Amino acid sequence: MVERKRILITGASGFIGGFLVDEALRRGYEVWAGIRAGSSRKYLQDERIGIICLNYDSKDALVEQLRAFADSAGVWDYVIHNAGITKALEKKDFYKVNTFNTQILIEALAAAGCKPRKFLLMSSLSSYGPVNEDSFRPIRTDDDRKPNTAYGKSKLEAELFLEAQPHFPYIILLPTGVYGPEDRDYLMEIKSIKSGFDLKAGMKPQKITFIYVKDLVVAAFMAIENENVKNKSYFVADGDVYTDADFVRIVKKLLNKRFVISLRIPLWMCYIACFFSEIFGHLTGKAMTLNTDKYYILKQRNWTCDAEPIRRELGFTPVYDLRKGLDETIRYSKEKGLLRDK
């Protein structure tokens, strides 16, 4: 009998995490979902999934937890560290979750003798910040990383720590805009278009790249399973470049929406909206989608990246372009009652 490989997937309760778990099960892995104690288990109902509530609050406690797990269940062959946050009430929370938790997990795995054959960090194109804003040349991994958001900086610090650690081989994936079923951010835009309104940030169009979540998780497993590829970073995108207007045009067609009021909002007005949204978040204790950190993401014009290396070195070929991915997302959202036909 062939022994199944064990994998730990952190952030398994979230949007991307749920698809990573599904792909791991499909490939025959022994899957352990790393979550926080209060995390939703909506996507983790399959009885084949093992659950481990990771204690990031103390390195010593996490080391003991991992050591005890290894003694009883064995060491994980692979770790996909997908846990992280994209919005926060306080900017320091980005560093606590995205940076510190990554560091403590890496150190605890090593100290507990739970070194995986490969550690994959799910990072973000945002760790590079605004690059080539005038020429719109696709961002490459050898470009200088100069993020201008707390989110991007926290992701970059996690990447730098992983690159410097000596414990185990790693892969860093830098996906561009990730969308698909159960993602709420792009669903908000789709709902707005369906209601007849399209608001774009900035008078100059953004150039954008996307990756459908199902393609992203396939890329992740190709990266960890290829023994010849290690200590590398890859952008992940479907290979096409779109504008913010292209996104609206495709959604309109898929929704059979003939008339939509489209407005471009000056960036100074966007900043005011983000500023007051952030204040409202502090008053209500809720992390808002619009905030002053998000403003710089809205401001950035060049969101294109060079995804050729992952195609060439891993043989990764996306199945979904934006139209196909949005079509599947919209159909799913309607079936689940997340997007009403009327």
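Structural notes, computed from the coordinates.

What counts as what
Along each chain, residue indices are assigned from 1 in the same order as the chain's sequence is written. In view of the model being predicted, local features appear only for residues whose pLDDT reaches at least 70, and side-chain atom pairs are presented and counted only at 80 or more, with totals across whole chains, interfaces and linings using the full set of residues. Hydrogens and water are ignored here; the side-chain numbers use all heavy atoms of the structure. Only DSSP runs of H or I covering at least 4 residues are called helices, and only runs of E covering at least 2 are called strands; the numbering of each starts at the N terminus. The quantity called the radius of gyration is restricted to C-alpha atoms. Its globule counterpart is 2.2 Å times the number of residues to the power 0.38. Burial status follows relative accessibility: with a 1.4 Å probe on protein chains alone, a residue under 20% of its type maximum counts as buried, one over 50% as exposed, and anything between as partly exposed. Exposure was quantified through the Shrake-Rupley algorithm and a 1.4 Å probe, taking into account, for residues, occlusion by the shown protein chains and nothing else. Counting rule applied: Lys, Arg positive; Asp, Glu negative; His and chain ends not counted. One atom stands in for each charge, and that atom is NZ of Lys, CZ of Arg, CG of Asp or CD of Glu. What we call a nonpolar core is a set of buried Ala, Val, Leu, Ile, Met, Phe, Trp, Tyr and Cys residues that are connected through their side-chain atoms within 4.5 Å. Here a residue-residue contact requires only that any non-hydrogen atoms of the pair lie within 4.5 Å. Think of a salt bridge as a Lys or Arg side-chain nitrogen and an Asp or Glu carboxyl oxygen that are within 4 Å of each other. Between the rings of Phe, Tyr and Trp (Trp by its six-membered ring), a pair exists once the centres lie within 6.5 Å; its type follows the angle of the planes, with under 30 degrees stacked, over 60 edge-to-face, and the other angles tilted. A pair of strands is labelled paired if DSSP reports no fewer than 2 bridges between them. Crossover handedness is defined here as right-handed if the route from the first strand over the helix to the second strand goes clockwise, with the strands pointing away from the viewer. Comment: axis = line fitted to C-alpha atoms, over the contacting stretch for helices; angle = value between 0 and 180 degrees taken between N-to-C directions.

Glancing now at the overall build of the protein chain. Across its full length, the protein chain carries 11 helices and 14 strands. Here the C-alpha radius of gyration of the protein chain, 20 Å, is about what a compact globule of 342 residues would show, namely 20 Å. For the protein chain, the proportion of its 342 residues judged to be buried stands at 51%. Accessible surface computed for the protein chain: about 16200 Å², of which carbon and sulfur atoms make up 52%. Put simply, the protein chain has 52 plus and 44 minus side-chain charges, and the middle of one group is 5 Å from the middle of the other.

This part is about the nonpolar core. Core analysis: the largest hydrophobic core is formed by 56 residues, its most contacted members being L66, W76, L109, F119, F247 and L326. Examining the composition of this core, we find that 6 residues originate from one element, helix 7 (residues 244-255), more than from any other. In this structure F119 touches V79, H81, L105, I106, L109, L162, F168, P169, Y170 and I171, once residues within four positions along its chain are discounted. Within the second largest apolar cluster, 38 residues are counted, among which are A33, L44, L120 and V178.

A few words now on the pattern of salt bridges. Under the criterion given, the structure shown has 24 salt bridges. The salt bridge involving K232 is made with E313; its shortest N-O contact spans 3.3 Å. Placement of the pair is K232 in strand 11 (residues 232-236) and E313 in helix 10 (residues 308-314), with a sequence separation of 81 residues. Overall, E313 belongs to the partly exposed group, its relative accessible area being 29%. Of the charged contacts, one joins D244 and R264 as a salt bridge, the two residues approaching to 2.7 Å between their closest N and O atoms. On the criterion of sequence distance, the pair formed by D244 in helix 7 and R264 in strand 13 (residues 261-265) is long-range, its members being 20 residues apart. You can call R264 partly exposed: its relative accessible area is 23%.

Next up on the list: the environment of Y56. Considering the arrangement of structural elements, one finds Y56 in the loop between strand 3 (50-53) and helix 2 (59-73). Spatially, the C-alpha atom of Y56 lies 26 Å from that of K232, the residues being 176 residues apart in sequence.

Turning next to the packing of aromatic side chains. A complete count under the given rule lists 20 aromatic pairs for this structure. Ring plane angle 85 degrees and centroid distance 5.9 Å describe the contact between Y179 and F210, whose orientation is recorded as edge-to-face. Of this pair, Y179 sits in strand 7 (residues 177-179) while F210 is found in strand 10 (residues 210-212), placing the two residues 31 residues apart along the sequence. Taken individually, Y179 and F210 each receive the classification buried, so the pair is uniform in this respect. Aromatic pair Y186 and F210: ring centres 5.7 Å apart, planes at 65 degrees, arrangement edge-to-face. A residue pair is termed long-range when its members are at least 10 positions apart, and Y186 in helix 5 (residues 184-194) and F210 in strand 10 qualify at 24 residues. We classify Y186 as buried; its relative accessible area is 18%.

Next up on the list: the pairing of strand 6 (residues 170-175). For strand 6, the buried fraction is high: 6 of the 6 residues fall into the buried class. Relative to strand 6, strand 5 (residues 118-122) is paired through 4 bridges, and the arrangement is parallel. Paired with M122 across the bridge in strand 6 is L173. Taken together, strand 5, helix 4 (residues 150-164) and strand 6 form a β-α-β motif whose crossover is right-handed. Two elements, strand 6 and strand 11, share 5 bridges in a ladder whose sense is parallel. Following the sheet pairing, I172 is matched in strand 11 by S233.

Across the sheet, 7 strands lie side by side as 3-2-1-4-5-6-11; this open sheet has parallel pairing. Taken across any chain shown, the strands that pair with only one partner, and hence form the sheet edges, are strand 3 and strand 11. On average, each strand axis in the sheet is tilted by 20 degrees relative to the strand beside it, whichever way the strands run. Direction of pairing for strand 2 (residues 30-35) relative to strand 3: parallel, over a ladder of 4 bridges. Residue pairing for strand 3: W32 is matched across the bridge by G50. Here helix 2 sits on the sheet and contacts strand 1 (6-10), strand 2 and strand 3; the angle it forms with strand 3, its principal contact strand, is near 160 degrees. The strands touched by helix 4 are strand 5, strand 6 and strand 11; relative to strand 6, the strand with the most contacts, the crossing angle is about 160 degrees.

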